[in-house]
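Each chain, letter by letter, is given below.
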Amino acid sequence: MGAGRLSGRNAIVSGGADGAGGAASDLFAREGAAVAIVDIQREAGEARAEAIRARGGEAFFVEADVSSADRVQAAVVEIDRRFGGRIDILFNHAGTLVVKPFLETTERDWDWLMAVNVKSMFLMTKAVLPSMLRHGGGAIVNTSSISAVAGTPMEVLYCTTKGACHMFTRAIATEFRDQGVRCNAVCPGFIRTNHGLRELQQLRGYGVDVTEDDLRRLQGRICEPEEVANAALFLAGPEASFVNGETLFVDNGMLVRT
Ligand SMILES: NC(=O)c1ccc[n+]([C@@H]2O[C@H](COP(=O)([O-])OP(=O)(O)OC[C@H]3O[C@@H](n4cnc5c(N)ncnc54)[C@H](O)[C@@H]3O)[C@@H](O)[C@H]2O)c1
(Lines give C-alpha, C1' and ligand atoms only; values in the text may rest on other atoms or scores of the structure.)
Protein backbone atom coordinates (compact mmCIF):
# COMPACT_ATOMS: atom_id res chain seq x y z
CA MET A 1 0.00 0.00 0.00
CA GLY A 2 2.76 2.48 -0.88
CA ALA A 3 4.69 4.57 1.63
CA GLY A 4 3.43 4.91 5.16
CA ARG A 5 4.68 5.06 8.69
CA LEU A 6 4.67 1.25 8.92
CA SER A 7 5.71 0.62 5.35
CA GLY A 8 7.37 -2.78 4.95
CA ARG A 9 6.52 -3.85 8.50
CA ASN A 10 4.80 -7.09 9.50
CA ALA A 11 2.34 -6.57 12.34
CA ILE A 12 0.13 -8.77 14.51
CA VAL A 13 -2.99 -7.29 16.10
CA SER A 14 -4.64 -9.50 18.72
CA GLY A 15 -8.30 -8.67 19.21
CA GLY A 16 -7.95 -7.08 15.78
CA ALA A 17 -11.34 -8.12 14.42
CA ASP A 18 -13.45 -5.52 16.22
CA GLY A 19 -13.41 -2.46 18.45
CA ALA A 20 -10.20 -0.47 18.91
CA GLY A 21 -8.17 -3.49 17.77
CA GLY A 22 -10.19 -3.46 14.54
CA ALA A 23 -9.46 0.24 14.11
CA ALA A 24 -5.76 -0.54 14.62
CA SER A 25 -5.84 -3.32 12.01
CA ASP A 26 -7.28 -0.83 9.52
CA LEU A 27 -4.86 1.96 10.45
CA PHE A 28 -1.70 -0.17 10.52
CA ALA A 29 -2.60 -1.53 7.07
CA ARG A 30 -3.32 1.98 5.78
CA GLU A 31 0.14 2.98 7.03
CA GLY A 32 1.72 0.23 4.97
CA ALA A 33 2.01 -2.73 7.34
CA ALA A 34 1.06 -6.27 6.45
CA VAL A 35 -1.39 -7.15 9.21
CA ALA A 36 -2.15 -10.52 10.79
CA ILE A 37 -5.45 -10.26 12.67
CA VAL A 38 -5.72 -12.72 15.56
CA ASP A 39 -9.13 -13.05 17.18
CA ILE A 40 -11.78 -15.51 18.36
CA GLN A 41 -14.38 -13.93 16.04
CA ARG A 42 -13.81 -15.70 12.74
CA GLU A 43 -16.50 -13.97 10.70
CA ALA A 44 -15.61 -10.45 11.83
CA GLY A 45 -11.87 -11.15 11.48
CA GLU A 46 -12.19 -12.55 7.95
CA ALA A 47 -14.45 -9.64 6.97
CA ARG A 48 -11.99 -7.04 8.26
CA ALA A 49 -9.02 -8.66 6.51
CA GLU A 50 -11.06 -8.85 3.30
CA ALA A 51 -12.04 -5.17 3.58
CA ILE A 52 -8.38 -4.18 4.07
CA ARG A 53 -7.36 -6.19 1.00
CA ALA A 54 -10.20 -4.63 -1.00
CA ARG A 55 -8.69 -1.21 -0.21
CA GLY A 56 -5.31 -2.39 -1.52
CA GLY A 57 -3.80 -3.27 1.86
CA GLU A 58 -2.27 -6.49 3.06
CA ALA A 59 -4.03 -8.50 5.78
CA PHE A 60 -5.06 -12.00 6.74
CA PHE A 61 -6.98 -13.52 9.62
CA VAL A 62 -5.89 -16.30 11.98
CA GLU A 63 -8.41 -17.63 14.48
CA ALA A 64 -7.01 -18.11 17.98
CA ASP A 65 -8.01 -17.71 21.59
CA VAL A 66 -4.99 -15.82 22.90
CA SER A 67 -5.43 -17.28 26.39
CA SER A 68 -4.64 -20.76 25.05
CA ALA A 69 -0.96 -21.72 24.83
CA ASP A 70 -1.54 -24.27 22.06
CA ARG A 71 -3.62 -21.91 19.94
CA VAL A 72 -1.16 -19.05 20.34
CA GLN A 73 1.78 -21.26 19.42
CA ALA A 74 0.04 -22.59 16.32
CA ALA A 75 -1.14 -19.10 15.29
CA VAL A 76 2.30 -17.49 15.64
CA VAL A 77 4.02 -20.33 13.74
CA GLU A 78 1.52 -19.83 10.90
CA ILE A 79 1.88 -16.04 10.95
CA ASP A 80 5.69 -16.17 11.06
CA ARG A 81 5.67 -18.48 8.05
CA ARG A 82 3.25 -16.26 6.11
CA PHE A 83 5.37 -13.22 6.97
CA GLY A 84 8.51 -14.94 5.68
CA GLY A 85 10.04 -15.36 9.16
CA ARG A 86 9.92 -11.71 10.27
CA ILE A 87 7.49 -10.17 12.74
CA ASP A 88 8.15 -6.47 13.49
CA ILE A 89 5.14 -5.34 15.52
CA LEU A 90 2.92 -7.01 18.10
CA PHE A 91 -0.18 -5.18 19.34
CA ASN A 92 -1.49 -7.18 22.32
CA HIS A 93 -4.98 -5.70 22.39
CA ALA A 94 -7.39 -8.62 22.99
CA GLY A 95 -9.06 -8.42 26.36
CA THR A 96 -12.33 -8.52 28.21
CA LEU A 97 -13.85 -7.72 31.60
CA VAL A 98 -15.88 -8.88 34.57
CA VAL A 99 -18.14 -6.33 36.29
CA LYS A 100 -19.46 -7.68 39.60
CA PRO A 101 -19.45 -6.93 43.31
CA PHE A 102 -16.15 -8.31 44.55
CA LEU A 103 -17.79 -10.72 47.00
CA GLU A 104 -19.75 -12.30 44.12
CA THR A 105 -16.70 -12.92 41.96
CA THR A 106 -15.50 -16.49 41.68
CA GLU A 107 -12.21 -18.28 41.28
CA ARG A 108 -13.36 -19.13 37.77
CA ASP A 109 -13.88 -15.40 36.98
CA TRP A 110 -10.39 -14.67 38.30
CA ASP A 111 -8.72 -17.45 36.29
CA TRP A 112 -10.59 -16.58 33.11
CA LEU A 113 -9.92 -12.84 33.26
CA MET A 114 -6.26 -13.30 34.20
CA ALA A 115 -5.92 -15.72 31.28
CA VAL A 116 -7.56 -13.48 28.65
CA ASN A 117 -6.05 -10.17 29.80
CA VAL A 118 -2.64 -11.11 31.19
CA LYS A 119 -1.58 -14.65 30.31
CA SER A 120 -2.41 -13.77 26.69
CA MET A 121 0.31 -11.09 26.71
CA PHE A 122 2.79 -13.55 28.19
CA LEU A 123 1.94 -16.21 25.59
CA MET A 124 1.86 -13.91 22.57
CA THR A 125 4.99 -11.99 23.52
CA LYS A 126 6.94 -15.15 24.29
CA ALA A 127 5.89 -16.68 20.97
CA VAL A 128 6.69 -13.56 18.91
CA LEU A 129 9.93 -12.32 20.50
CA PRO A 130 12.25 -14.93 18.91
CA SER A 131 11.17 -13.72 15.46
CA MET A 132 11.82 -10.08 16.46
CA LEU A 133 15.20 -10.90 18.00
CA ARG A 134 16.35 -12.78 14.88
CA HIS A 135 15.96 -9.53 12.95
CA GLY A 136 17.37 -7.05 15.42
CA GLY A 137 14.25 -6.04 17.29
CA GLY A 138 10.68 -4.88 17.07
CA ALA A 139 7.90 -2.98 18.79
CA ILE A 140 5.36 -4.37 21.22
CA VAL A 141 2.31 -2.38 22.28
CA ASN A 142 0.07 -3.69 25.05
CA THR A 143 -3.41 -2.45 25.82
CA SER A 144 -3.63 -1.51 29.46
CA SER A 145 -6.25 0.92 30.80
CA ILE A 146 -6.96 3.79 33.15
CA SER A 147 -8.06 0.87 35.35
CA ALA A 148 -4.38 -0.02 35.90
CA VAL A 149 -4.07 2.97 38.20
CA ALA A 150 -7.64 4.14 38.94
CA GLY A 151 -9.73 1.77 41.02
CA THR A 152 -13.39 1.35 40.08
CA PRO A 153 -15.95 -0.39 42.30
CA MET A 154 -17.23 -3.68 40.80
CA GLU A 155 -14.02 -4.03 38.79
CA VAL A 156 -11.49 -5.40 41.28
CA LEU A 157 -10.56 -8.30 38.99
CA TYR A 158 -10.40 -6.15 35.86
CA CYS A 159 -8.30 -3.46 37.58
CA THR A 160 -5.93 -6.14 38.86
CA THR A 161 -5.39 -7.56 35.36
CA LYS A 162 -4.65 -4.12 33.95
CA GLY A 163 -2.18 -3.38 36.76
CA ALA A 164 -0.38 -6.52 35.64
CA CYS A 165 -0.40 -5.34 31.98
CA HIS A 166 1.29 -2.12 33.10
CA MET A 167 4.10 -3.95 34.87
CA PHE A 168 4.48 -6.60 32.16
CA THR A 169 5.09 -3.72 29.73
CA ARG A 170 7.77 -2.08 31.85
CA ALA A 171 9.59 -5.30 32.71
CA ILE A 172 9.70 -6.53 29.09
CA ALA A 173 11.06 -3.11 28.09
CA THR A 174 13.93 -3.38 30.56
CA GLU A 175 14.86 -6.95 29.66
CA PHE A 176 14.85 -6.50 25.87
CA ARG A 177 15.84 -2.85 25.31
CA ASP A 178 19.41 -3.68 24.41
CA GLN A 179 18.25 -6.19 21.83
CA GLY A 180 16.27 -3.58 19.93
CA VAL A 181 12.82 -4.30 21.32
CA ARG A 182 10.58 -1.50 22.55
CA CYS A 183 7.55 -2.34 24.69
CA ASN A 184 4.94 0.28 25.58
CA ALA A 185 1.30 0.38 26.61
CA VAL A 186 -1.77 2.36 25.58
CA CYS A 187 -4.11 3.03 28.50
CA PRO A 188 -7.51 4.18 27.30
CA GLY A 189 -10.44 5.66 29.14
CA PHE A 190 -13.95 4.56 28.12
CA ILE A 191 -14.03 3.77 24.38
CA ARG A 192 -17.04 3.49 22.09
CA THR A 193 -16.67 -0.28 21.53
CA ASN A 194 -18.72 -3.31 22.58
CA HIS A 195 -16.42 -3.67 25.59
CA GLY A 196 -16.69 -0.01 26.63
CA LEU A 197 -20.44 0.32 26.13
CA ARG A 198 -21.11 -2.95 27.98
CA GLU A 199 -18.84 -1.81 30.81
CA LEU A 200 -20.68 1.52 31.16
CA GLN A 201 -24.06 -0.21 31.08
CA GLN A 202 -23.09 -2.80 33.69
CA LEU A 203 -21.46 -0.24 36.00
CA ARG A 204 -24.58 1.95 35.77
CA GLY A 205 -26.63 -1.12 36.67
CA TYR A 206 -24.69 -1.27 39.94
CA GLY A 207 -25.11 2.46 40.56
CA VAL A 208 -21.46 3.38 39.87
CA ASP A 209 -21.02 7.05 38.82
CA VAL A 210 -20.61 6.71 35.08
CA THR A 211 -23.75 8.40 33.76
CA GLU A 212 -23.45 10.55 30.62
CA ASP A 213 -22.86 13.58 32.88
CA ASP A 214 -20.16 11.72 34.84
CA LEU A 215 -18.48 10.66 31.63
CA ARG A 216 -18.45 14.28 30.39
CA ARG A 217 -16.88 15.38 33.66
CA LEU A 218 -14.35 12.54 33.70
CA GLN A 219 -13.10 12.47 30.12
CA GLY A 220 -15.09 15.15 28.23
CA ARG A 221 -16.73 12.61 25.92
CA ILE A 222 -16.41 8.98 25.00
CA CYS A 223 -13.16 7.99 23.24
CA GLU A 224 -13.45 6.77 19.64
CA PRO A 225 -11.71 3.46 18.71
CA GLU A 226 -9.60 5.28 16.10
CA GLU A 227 -8.13 7.53 18.81
CA VAL A 228 -6.72 4.48 20.59
CA ALA A 229 -5.48 3.09 17.27
CA ASN A 230 -3.63 6.38 16.58
CA ALA A 231 -1.83 6.16 19.93
CA ALA A 232 -0.92 2.52 19.25
CA LEU A 233 0.38 3.50 15.80
CA PHE A 234 2.67 6.11 17.33
CA LEU A 235 4.08 3.61 19.84
CA ALA A 236 4.47 0.90 17.19
CA GLY A 237 6.08 3.19 14.64
CA PRO A 238 9.47 4.80 14.04
CA GLU A 239 8.44 8.14 15.57
CA ALA A 240 8.53 6.46 18.99
CA SER A 241 12.07 5.13 18.48
CA PHE A 242 13.23 6.41 21.91
CA VAL A 243 9.99 5.69 23.78
CA ASN A 244 10.27 2.50 25.78
CA GLY A 245 8.52 1.11 28.86
CA GLU A 246 5.96 3.92 28.72
CA THR A 247 2.28 3.84 29.59
CA LEU A 248 0.49 6.32 27.33
CA PHE A 249 -2.89 7.37 28.70
CA VAL A 250 -5.55 8.03 26.09
CA ASP A 251 -8.18 9.51 28.39
CA ASN A 252 -8.50 13.21 27.53
CA GLY A 253 -6.96 14.23 30.83
CA MET A 254 -9.17 12.10 33.10
CA LEU A 255 -6.36 10.95 35.35
CA VAL A 256 -4.58 14.26 35.69
CA ARG A 257 -7.68 15.88 37.23
CA THR A 258 -7.75 15.80 40.99
N1 LIG B 1 -13.55 -0.24 25.66
C2 LIG B 1 -13.04 0.41 26.68
O3 LIG B 1 -13.67 1.31 27.26
C4 LIG B 1 -11.66 0.08 27.14
C5 LIG B 1 -10.99 0.94 28.00
C6 LIG B 1 -9.69 0.63 28.41
C7 LIG B 1 -9.08 -0.52 27.95
N8 LIG B 1 -9.76 -1.33 27.12
C9 LIG B 1 -9.09 -2.55 26.66
O10 LIG B 1 -9.27 -2.73 25.25
C11 LIG B 1 -9.38 -4.12 24.98
C12 LIG B 1 -10.79 -4.45 24.49
O13 LIG B 1 -10.95 -3.93 23.29
P14 LIG B 1 -12.14 -3.03 22.75
O15 LIG B 1 -12.55 -1.98 23.69
O16 LIG B 1 -11.63 -2.69 21.44
O17 LIG B 1 -13.35 -4.07 22.83
P18 LIG B 1 -14.04 -5.06 21.84
O19 LIG B 1 -14.79 -5.95 22.76
O20 LIG B 1 -14.75 -4.32 20.79
O21 LIG B 1 -12.83 -5.82 21.15
C22 LIG B 1 -12.11 -6.83 21.76
C23 LIG B 1 -11.64 -7.80 20.69
O24 LIG B 1 -10.87 -8.81 21.32
C25 LIG B 1 -11.33 -10.08 20.90
N26 LIG B 1 -11.08 -11.06 21.93
C27 LIG B 1 -11.66 -11.14 23.16
N28 LIG B 1 -11.20 -12.20 23.83
C29 LIG B 1 -10.30 -12.80 23.02
C30 LIG B 1 -9.49 -13.96 23.13
N31 LIG B 1 -9.52 -14.73 24.22
N32 LIG B 1 -8.68 -14.31 22.10
C33 LIG B 1 -8.65 -13.56 20.97
N34 LIG B 1 -9.40 -12.45 20.81
C35 LIG B 1 -10.22 -12.09 21.81
C36 LIG B 1 -12.82 -9.87 20.63
O37 LIG B 1 -13.35 -10.89 19.82
C38 LIG B 1 -12.83 -8.49 20.00
O39 LIG B 1 -12.62 -8.54 18.61
C40 LIG B 1 -9.16 -4.84 26.29
O41 LIG B 1 -7.80 -5.14 26.45
C42 LIG B 1 -9.64 -3.80 27.28
O43 LIG B 1 -9.16 -4.05 28.56
C44 LIG B 1 -11.02 -1.07 26.70
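Let us look at the structure shown here. What you see is a predicted model; the values in this text were computed from it and never measured.

Basis of the calculations
- Residues numbered from 1 in each chain as written.
- Predicted model: local features only at pLDDT ≥ 70, side-chain atom pairs only at ≥ 80, totals over all residues.
- Near = placed C-beta within 6 Å.
- Helix = DSSP H or I, 4+ residues; strand = E, 2+ residues; numbered from the N terminus.
- Nonpolar A, V, L, I, M, F, W, Y, C, P; charged D, E, K, R; others polar.
- Buried ≥ 20, exposed ≤ 12 C-beta atoms within 10 Å, placed from the backbone.
- Pairing = 2+ DSSP bridges.
- Axes fitted to C-alpha atoms, helices over the stretch in contact; angles between N-to-C directions.
- Contact = placed C-beta atoms within 7 Å.
- Core = buried A, V, L, I, M, F, W, Y, C linked by C-beta atoms within 7 Å.
- Right-handed = clockwise from strand over helix to strand, strands pointing away.

1. Focus on the site of the ligand
For step 1, the next point in the chain: Near the ligand there are 28 residues, and of these Gly-15, Gly-19, Gly-95, His-195 and Gly-196 occur at the shortest range.
For step 2, the next point in the chain: For the shell around the ligand, the elements supplying multiple residues, two or more each, are helix H1 (19-30) and helix H6 (194-205).
For step 3, the next point in the chain: Element by element, the count of residues in the shell around the ligand is highest for H6, at four residues.
For step 4, the next point in the chain: Considering only residue class, the shell around the ligand consists of nine nonpolar, 15 polar and four charged.

2. With respect to unusual backbone geometry
For step 1, the next point in the chain: Here the phi dihedral of Met-154 falls at roughly 75 degrees; this positive angle occurs in a residue that is not glycine.
For step 2, the next point in the chain: Looking at the element boundaries, Met-154 is found in the loop between strand S5 (138-143) and helix H5 (156-176).
For step 3, the next point in the chain: The exposure class assigned to Met-154 is buried, which follows from the 22 C-beta atoms found within 10 Å.
For step 4, the next point in the chain: We note that Asn-252 has phi near 55 degrees; this positive angle belongs to a residue other than glycine.
For step 5, the next point in the chain: Structurally, Asn-252 is set in the segment after strand S7 (247-250).
For step 6, the next point in the chain: For Asn-252, a count of 17 C-beta atoms within 10 Å translates into the label partly exposed.

3. A look at the sheet that holds strand S6 (residues 181-188)
For step 1, the next point in the chain: Strand order in this open sheet of seven strands is S3-S2-S1-S4-S5-S6-S7, and the pairing throughout is parallel. Each edge of the open sheet carries a strand with a single partner, namely strand S3 (58-63) and S7. The average angle at which neighbouring strand axes cross in this sheet is 20 degrees, direction not considered.
For step 2, the next point in the chain: Of the strand pairs in this sheet, S6 and S7 are connected by four bridges, and their pairing is parallel. Residue pairing in the sheet places Ala-185 in a bridge with Thr-247 of S7.
For step 3, the next point in the chain: Each of strand S1 (10-14), strand S2 (34-39) and S3 is contacted by helix H3 (residues 69-82), which is oriented at about 160 degrees to S3, the strand it contacts most.

4. Points about the nonpolar core
For step 1, the next point in the chain: Membership of the largest hydrophobic core comes to 78 residues, with the highest contact counts inside it found for Ala-11, Ile-12, Val-35 and Ala-232.
For step 2, the next point in the chain: Counting residues per element, this core draws most heavily on helix H4 (residues 107-134), which supplies 10 residues.
For step 3, the next point in the chain: Every residue in contact with Ile-12, bar those within four places of it in the chain, is listed here: Ala-36, Val-38, Ile-79, Ile-87, Ile-89, Leu-90, Phe-91 and Val-128.

5. Quick look at the pairing of S3
For step 1, the next point in the chain: Sheet analysis places S2 next to S3, joined by six bridges and oriented parallel. Across the sheet, Val-35 pairs through a bridge with Ala-59, a residue of S3.
For step 2, the next point in the chain: Crossover S2 to S3 through helix H2 (residues 42-54) is right-handed.

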